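Descriptive structure summary
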Amino acid sequence: MERFGGSELFTAELARSLATRGHKVAVYCPRPGRIAKLITPSGIPVKDKLDDLPWRPDVIHGQHHLPAMAALAKFSGVPMVYCWHGARPWVEQVPRHDRIRAYVVTSQRLAPRLASERDIPLERVVVIPNFVDCERFSFVRKVSSRPTRAVLYGQGGFYPEELKTLEDACDANGLSLAKVGYAFNNPRPRPEYFLPDYDIAFAVGRSALEAMAAGCAVIPIVPQLAGHLITKRSLKDWVAANLSPRYFTSSDRFDREWLASELKAWSREDITSVTDQVRREFDLPRAIDAFLRTYADAVAQASPADCGLDRYLEGLAVDVDAMWHQSNEDSAELERLREENARLHREATANERRVRELLELLLRKSGMTEGLAEDPSPENLRETIRKSGLFDPDWYVMTYPDVGQTRMDPLDHYLRYGSFEGREPAPGIDSKAFMAANPHLKGLGMSVLEHQVRQLSLLIGGIDQQR
């Protein structure tokens, strides 16, 4: 319970709400952290050892595989309700045991999947949708007539190219885009404060519910799948899929055309209606009621003999065997990558030595850096660039005809204006790529050629000193 993630905050909200209703609640977690500090002020003990729990429970609410089974083994005869949040990571995979009386899933489409993949009887699967604490998210923004600000909230795993495509799509449609979450090194633990600042949230699951409760329009997206704007008409279907496009056939690229199409459905009235429905039907008290009914049903069932460990260990053996094989494959791939990295490093070192030798030969023949170290003035640097041949004045004037109209010397125009306007000094030179690869050079007020010539001068000086 260290990170402000979905299942961690789920635990905190559920525990505090049960305690508020007068139930005795304790939390067992192998690694308590910052989230535990949100719970203990409510008088709820959070322990990292089962022996330290203050009493024997009537029912166990399991959420992560191994800690749940440890609690089941500790408290013989106590029934469990296991809450499954999704197929990944393995720590959340459902265990099988006779005393697990109910398996809670957060969406209707997870129920048959759980029954088929883990061989769980469908009658033991209970659907309790995700929820949002509307008292915490008490402030609701007024929907804008035209969206201008968007946030990618919580969801990670995107390729850099996908994020760039989404940024370009937002920019092309008049939206600024912020990215919030651990995946973007920008975690913000109080979403109820910042979500109302945004018109649109790209989010899934509980994050999507929080954004809708705050008055944002929501478009669910996950890596490689773009969803559609949630409307009053589509909300029920989205909730059945836990507000994620994984189960939808939809656009596979969040580009500017896709976003423009989604924004055509923008309606202040509809977005407000969605917010009202979310706050009415998916608030925290309704979820607590559903969990309490499920706990009561689990306790009311006749207690079976303490068996089922054999089936649990059989399933665990299969999972661990698969992970063991994957670990071996990963180790082999890591060793291959290490060898490849060493080979590339040797090649890079040899190439660097050859490039230095060639540069030395070229520069000494041309004499382009002669005297530059002694006189690094702008005038001498300008003449050094002219002699080097790195600047092509004829190409520059032909490529940028307006330069000829100024009657300025082409090199002077490039050094004073052209480089800062994004103009190139010669064919085959990519100034943007050069500056992107050398971000430490930004803000120095020098053109790419000035940087290069100065560096070449230092290189010659370094070679001379080595000799």
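Residues numbered from 1 in each chain as written. Predicted model: local features only at pLDDT ≥ 70, side-chain atom pairs only at ≥ 80, totals over all residues. Heavy atoms only, no water.

As a volume, the second largest pocket reaches approximately 1200 Å³. Taken together, 38 residues make up the lining of the second largest pocket; nearest its centre are Thr11, Ala26, Val27, Tyr28 and His61. Among the elements of the structure, α1 (6-20), β1 (27-28), β3 (60-62), α3 (65-74) and α11 (284-300) are those that each provide at least two residues to the lining of the second largest pocket. Examining the composition of the lining of the second largest pocket, we find that 6 residues originate from one element, α1, more than from any other. The class makeup of the residues in the lining of the second largest pocket is 24 nonpolar, 7 polar and 7 charged. (1 Å grid on protein atoms, 1.4 Å probe; cavity = no way out; pocket = protein on both sides within 12 Å on 5 of 7 lines; lining within 4 Å. Points joined across faces, edges and corners; volume = space filled by probe spheres on them. Helix = DSSP H or I, 4+ residues; strand = E, 2+ residues; numbered from the N terminus. Nonpolar A, V, L, I, M, F, W, Y, C, P; charged D, E, K, R; others polar.)

Looking now at the packing of α1 against α11. At a closest axis distance of 11 Å, the pairing of α1 and α11 adopts a crossing angle of 75 degrees. The orientation of α1 relative to α11 falls into the category roughly perpendicular. Contact residues: α1 offers Phe10, Glu13, Leu14, Ser17 and Leu18, while α11 offers Leu284, Ile288, Phe291, Leu292 and Tyr295. Of the residues assigned to the contact of α1 with α11, the class counts are 8 nonpolar, 1 polar and 1 charged. (Axes fitted to C-alpha atoms, helices over the stretch in contact; angles between N-to-C directions. Parallel < 35°, antiparallel > 145°, perpendicular 65-115°, else oblique. Contact = heavy atoms within 4.5 Å.)

Of all 6 residues making up strand β5 (residues 100-105), 6 are buried, and the element is well covered by its neighbours. Judged from the 5 bridges that link them, strand β4 (residues 80-84) and β5 form a sheet pairing that is parallel. Paired with Met80 across the two strands is Ile100, which belongs to β5. Inspection of the sheet shows β5 paired to strand β6 (residues 125-127) by 3 bridges, in the parallel sense. Pairing of Val104 across the sheet is with Val126, part of β6. Once you follow β5 into helix α4 (residues 110-117) and on to β6, the crossover reads as right-handed. (Buried < 20%, exposed > 50% of the residue type's maximum accessible area, 1.4 Å probe, protein only. Pairing = 2+ DSSP bridges. Right-handed = clockwise from strand over helix to strand, strands pointing away.)

Here we come to the sheet that holds β4. Reading across the sheet, the 4 strands line up as β3-β4-β5-β6 and stay open at both edges, with parallel pairing between neighbours. At either margin of the open sheet sits one strand with a lone partner, and together these are β3 and β6. Each strand axis lies, on average, 25 degrees off the axis of its neighbour in the sheet, ignoring direction. Running over the sheet, α3 touches β3, β4 and β5 and is turned about 180 degrees from β4.

Take the side chain of Thr294 next. Tracing the backbone through its elements, the reader meets Thr294 in helix α11. Those residues in contact with Thr294 that lie beyond four places of it in its chain are Val81, Ala102, Val104, Val126 and Ile128.

One non-glycine residue with positive phi stands out, namely Asn185, at about 55 degrees. One can find Asn185 in the loop between β8 (176-180) and α6 (191-194). With relative accessibility at 73%, the residue Asn185 sits in the exposed group. Positive phi, normally seen in glycine, also occurs at Leu243, with a value near 55 degrees. Here Leu243 shows up in the loop between α8 (235-240) and α9 (256-263).

So, on to the environment of Thr11. You can see Thr11 is positioned in helix α1. In the structure, Thr11 is positioned 24 residues away from Ile35 in sequence and 9.0 Å away in space, judged by C-alpha atoms. Discounting chain neighbours no more than four positions away, the residues touching Thr11 are Met1, Val27 and Gln63.

Once that is clear, we can look at the packing of aromatic side chains. For the structure shown, the criterion picks out 12 aromatic pairs. When the ring of Phe10 is compared with that of Phe131, the centres are 5.2 Å apart and the planes differ by 40 degrees; the resulting orientation is tilted. Taken as a pair, Phe10 in helix α1 and Phe131 in the loop between β6 and β7 (149-153) lie far apart in primary sequence, 121 residues in all. With respect to burial, Phe10 and Phe131 carry one shared label: buried. Three or more aromatic residues joined by ring pairs form one cluster here, namely Phe391, Trp395, Tyr396, Tyr400 and Tyr414. We note Arg206 situated over the ring of Phe131; from NZ or CZ to the ring centre the distance is 4.8 Å. (Phe/Tyr/Trp six-rings, centres within 6.5 Å; stacked < 30°, edge-to-face > 60°. Lys NZ or Arg CZ within 6 Å of the ring centre and 35° of its normal.)

This is a description of form; function is not addressed.
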